[in-house]
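Coordinates in review
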Amino acid sequence: MSAAPQASPTATKISVERLDAWYGATHAVRGVSLEIPDRAVTALIGPSGCGKSTFLRCLNRMHELLPSARAEGRVLLDGEDLLSGEVDPVDLRRRVGMVFQRPNPFPTLSIRDNVIAGFKLNGMRGGRAETVERCLRQAALWDEVKDRLGASPLSLSGGQQQRLCIARALAVEPEVLLMDEPASALDPIATARLEELIHELKERYTIVLVTHNLQQAARTSDQTAFFYMGELAEAGRTEQIFTNPRERRTEDYVTGKFG
Amino acid sequence: MAASLARLPTAAPSPRRSRRAGDRLWSVGLVAAGGAILLVAGLVILVLGRAAAPAFHALGVGRFLAGQDWDPVSGAFGALPFIYGTLVTSAVAILVALPVAVGLSLFLAEMGPPRLRPPVAFAIETLASIPSVIYGLWGLFVLVPWVRTTVEPLLGRLLGWLPLFTGPRIGLGYLSAGLILAVMILPTIAAVTQEVLRSIPPALKEGALALGATRWEMIRIAVLPTARAGILGATLLGLGRALGETMAVTMVIGNAPEIHASLFAAGYSLPAVIANEFAEATSPLHLSALAALALVLLGVTLVLNSAARVLVLLTSRRLGEAS
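Residues numbered from 1 in each chain as written. Chains lettered and ligands numbered in written order. Predicted model: local features only at pLDDT ≥ 70, side-chain atom pairs only at ≥ 80, totals over all residues. Heavy atoms only, no water.

Focus on the overall build of chain A
What counts here: By the criteria applied, helices consist of DSSP H or I runs no shorter than four residues and strands consist of E runs no shorter than two, each listed in order from the N terminus. Here the globule rule reads 2.2 Å times residues to the power 0.38, and the radius of gyration is calculated from C-alpha atoms. Every residue pair with non-hydrogen atoms within 4.5 Å of one another is taken to be in contact. We get accessible surface area from the Shrake-Rupley algorithm with a probe of 1.4 Å; when it comes to residues, only the shown protein chains can shield them.
When its secondary structure is counted, chain A shows 10 helices and 10 strands. Its C-alpha atoms give chain A a radius of gyration of 18 Å, near enough to 18 Å, the size a compact globule of 259 residues would have. If you line up chain A on its principal axes, its C-alpha atoms span 55 × 40 × 35 Å. Restricting the contact set of chain A to residue pairs at least 6 apart, pairs at least 24 apart contribute 67%. For chain A, the computed accessible surface area is about 11,000 Å², with 46% contributed by carbon and sulfur atoms.

Here's what the structure looks like:
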């Protein structure tokens, strides 16, 4: 095994350069630089409050929803700086989709309308029925809901709702999919399905996954970044992080000495 | 563990254990306070019903409710002009107040700078605390002349082809009463709507924004559909208030027991006629007819308030599942 930190030969999709982020007076992300490879899964791990979720939210500027939040540094998506004033966050979020901790389908819309909600917003071309089927198939939900597309999403289980939210995000045809602990509200079986799905999705999408579950990071990701106290402690190939970490803190965390 | 739980006042009472005297006293007091509400409400209905019974007997329920003439001197007692006036003025009030209240609430909850919220919230509360006789005076001196010289000519010119906006422009009438009610129920609707908007899970709004929704699109697909039933409940609460408002309405509605299609015409409302005629009613039938009007008013308000309650309950349960 070589010592090269970036063993994966794929191109870089997002390049983060010295990112700092604050919530009010809290310095949540401290000088983080990280290369996120295209069409691969990057897992962000670390103890609670280590800044990994904040970091994730900076990638599609969802952090701006809190008025007290701000970010400095550079986040280059295909070479374009997201944090510069020229990028419209609304356009950005159409390219960088997001799936949240808890499934959040629109409760008053049908399953079908949930899938194409973003599609409609963006005035995208193409058949709606085909889009619904394609996205639900990609999200591995089609067979379970194809007979009740008009039903309320609240009639689905938590795992199904989460896959519906993924289908909804895919309908906008994003390039990057951010997942903020997507399995934290799911049972083990639904979690296993979700991990399978992540594996399939990385053929087409760049995925950044925040997770508390170390096994999940080890199973699903190609690259792992370990955050500690707002800093990026270590990043590298997932196998290397879990079997041969360079940092003592990383080793202590992945072996369960703290966290 | 079980023993210590049983001693908590919230635990289910166990008949085998003797509860402490303080607990028993407390629970008796609470039951009495709760029961008193039911008792008072029941008594109101009972007393009104007994007072109204002679009128219903003498006139017949159908003839009383559908009768269009109200002339106590000749013994004609028809409730329809008052029912009509009450419903029409309340409808005008809702139509005017609802869009303003929802817009205001959305602005405060979703769009406006947080710094602006306290002063605007204070202004809304102030509106709610102004006594209705003051609204009536303001209506008489400011609103009615303005309606006569500006609003009615404008409406007549633009929408004069509708029977709603025809006839002499006197200022006193359904339109002025509806407008003054709109101002009075605005705080109620706005306050409840804001509560409803605040109860919408932030995750839902984030979900919309993450799809590339603008702020307005987020309101359209995530906020308004979710809040719909709650806003309906807020509207019905405002409607309940509009139906019962007495003083401000009687000062500007014109107090004519007539039915007109035009909003410019003078009319009368249920609470207004009760308040105006009760002290001067001498014949037992007149008194009884007024009590019957009160019963009608109570019925309408009760039905609407119950509907509002059920709707608000339904929304909150739905949101609980979604979050």
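Read on, since the account is not over.
Topic: the packing of helix α4 (residues 80-111) of chain B against helix α5 (residues 117-129) of chain B
Residues and elements named next belong to chain B. Applicable threshold: Axis geometry follows a simple rule: fit a line to the C-alpha atoms, using only the stretch in contact for helices, then measure angles between N-to-C directions, giving values from 0 to 180 degrees. These descriptions rest on fixed angle ranges, namely under 35 degrees for roughly parallel, over 145 for roughly antiparallel, 65 to 115 for roughly perpendicular, and the rest for oblique. Put simply, a crossing is left-handed when the front helix is turned counterclockwise from the back one by less than a right angle, and right-handed when it is turned clockwise. As a working rule, the residues Ala, Val, Leu, Ile, Met, Phe, Trp, Tyr, Cys and Pro are called nonpolar, Asp, Glu, Lys and Arg charged, and the rest polar, with Gly in that last group.
Two numbers describe how α4 lies on α5: the axes approach to 10 Å, and their chain directions differ by 150°. Accordingly, the angle class assigned to the pair α4 and α5 is roughly antiparallel. Where α4 crosses over α5, the handedness of that crossing is left-handed. Contacts from L104, L108 and A109 in α4 reach R117, V120 and I124 in α5. In terms of residue class, the contact of α4 with α5 is made up of five nonpolar, no polar and one charged.

Side note on the packing of aromatic side chains
Going by this rule: Between the rings of Phe, Tyr and Trp (Trp by its six-membered ring), a pair exists once the centres lie within 6.5 Å; its type follows the angle of the planes, with under 30 degrees stacked, over 60 edge-to-face, and the other angles tilted. Each residue is placed in one exposure class: buried if its accessible area under a 1.4 Å probe, protein chains only, is under 20% of its type's maximum, exposed if it is over 50%, and partly exposed if it falls in between. Look at NZ for Lys and CZ for Arg. If either is within 6 Å of the ring centre and within 35 degrees of the ring normal, a charge sits over the ring.
Evaluated as defined, the whole model comprises nine aromatic pairs over all chains. When the centroid spacing of 5.5 Å and the interplanar angle of 90° are considered together, the rings of F56 of chain B and F64 of chain B count as edge-to-face. The same class applies to F56 of chain B as to F64 of chain B, namely buried. One aromatic cluster is present, built from ring pairs that chain together W70, F77, F82 and Y268 of chain B. One residue, R70 of chain A, lies across the ring of W22 of chain A, its end atom 4.2 Å from the ring centre. A cation over a ring is seen here: R168 of chain A above F106 of chain A, with NZ or CZ 4.5 Å from the ring centre.

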